[in-house]
Amino acid sequence: MSIDATLRLLSKASGLTVVDLATAIPRAGIGTVNAWLKGDKIPGRDQVDALARAFGVPAGALLSELASTLDPARTKGEHDLLAAYRGLNSRQQGALLEVARSMKPKAPRK
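Okay, so let's go over this structure. (Residues numbered from 1 in each chain as written. Predicted model: local features only at pLDDT ≥ 70, side-chain atom pairs only at ≥ 80, totals over all residues. Heavy atoms only, no water.)

1. Some details on the overall build of the protein chain
A count of helical and extended segments in the protein chain gives 7 helices and 0 strands. For the protein chain, the N- to C-terminal ordering of α and β elements is α-α-α-α-α-α-α. The burial tally for the protein chain puts 25% of its 110 residues in the buried class. Within the protein chain, contacts between residues at least 6 apart in sequence are counted, and of these 43% link residues at least 24 apart. Of the accessible surface of the protein chain, which amounts to about 7,600 Å², a share of 59% is contributed by carbon and sulfur atoms. (Helix = DSSP H or I, 4+ residues; strand = E, 2+ residues; numbered from the N terminus. Buried < 20%, exposed > 50% of the residue type's maximum accessible area, 1.4 Å probe, protein only. Contact = heavy atoms within 4.5 Å. Areas by Shrake-Rupley, 256 points an atom, 1.4 Å probe, with all protein chains shown as cover.)

Below is the structure:
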């Protein structure tokens with residue numbers, strides 16, 4: 001799940017509005033919070049800590065998602081594939097993994 005989707009889910013679950021979050025987060029106005037929820041911007045470290053406090057979750061939960069989103073070792077295609085995979089149910093994920101494994105080149109015999 002992307003960081004913006006996580007933030008939207010936590011907002012809905014906690015009942016916190018954009019105004020509530022903007023008030024609770026240092027250096028974040030309503031426009032900034034809206035941009036986070038839309039995925040147009042990413043919160044900084046201090047803001048992630050404040051978001052975690054506002055939602056009552058560990059900051060690591062938000063940071064791990066943020067880190068996976070920004071992993072420089074992954075290509076855009078890999079990010080897109082991971083996002084699509086996460087949108088599947090467990091049965092679909094299993095089927096996709098089977099297909100992917102069947103496509104892996106076999107090592108040449110000696």
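That shown, we press on.
2. Digging into unusual backbone geometry
One non-glycine residue, Arg27, adopts positive backbone phi at about 55°. Secondary-structure assignment places Arg27 in the loop between helix H2 (18–24) and helix H3 (30–38). The exposed category is assigned to Arg27, whose relative accessible area is 66%.

3. Points about the pattern of salt bridges
Taken as a whole, this structure holds 3 salt bridges when the rule is applied. The salt bridge partner of Asp49 is Arg45, with a shortest N-O separation of 3.5 Å. Highlighted residues: Asp49 and Arg45, both in helix H4 (residues 45–55), separated by 4 residues, approximately one helical turn. (Salt bridge = Lys/Arg side-chain N within 4 Å of Asp/Glu carboxyl O.)

4. A few points about H4
An α-helix turns once per 3.6 residues; consequently, residues spaced three or four apart project the same way. Burial in H4 covers these residues: Gln47, Val48, Asp49, Ala50, Leu51, Ala52 and Phe55. Gly56, located one to two residues past H4, shows a positive phi value of around 70°.

5. What to know about helix H1 (residues 3–14)
Here H1 spans 16 Å end to end across 12 residues, near enough to the 16 Å set by a 1.5 Å rise per residue. Of the residues one or two after H1, Gly15 is the one with positive phi, at around 80°. (Expected span 1.5 Å × (residues − 1).)

6. Section: the nonpolar core
If you look at the biggest cluster of nonpolar residues, it comprises 16 residues, and the most contacted ones within it are Leu7, Ile25, Val33, Trp36, Leu51, Phe55 and Leu62. Looking at which element gives the most residues to this core, the answer is H4, with 5 residues. Dropping the residues within four chain positions of it, Ile25 is found in contact with Trp36, Gln47, Ala50 and Leu51. (Core = buried A, V, L, I, M, F, W, Y, C linked by side-chain atoms within 4.5 Å.)

7. Observations regarding the side chain of Asp4
With respect to the helices, strands and loops of the structure, Asp4 is situated in helix H1. Owing to a relative accessible area of 15%, Asp4 belongs among the buried residues under this scheme. Only 2.9 Å separates the side chain of Asp4 from the side chain of Arg8, close enough to count as a polar contact. When near neighbours in sequence (up to four residues on either side) are disregarded, Asp4 contacts Trp36, Leu37, Lys38 and Gly39. (Polar contact = N/O pair within 3.5 Å; in protein donor to acceptor, adjacent residues only side chain to side chain.)

8. What to know about the environment of Arg27
Distance in space between the C-alpha atoms of Arg27 and Gln47 is 8.1 Å, their sequence separation being 20 residues. Residue contacts for Arg27: discarding those within four places in its chain leaves Asp46 and Gln47. Side-chain polar atoms of Arg27 contact the side chain of Asp46, separated by 3.5 Å.

Interpretation note: all reported values are geometric properties and have no functional meaning in isolation.
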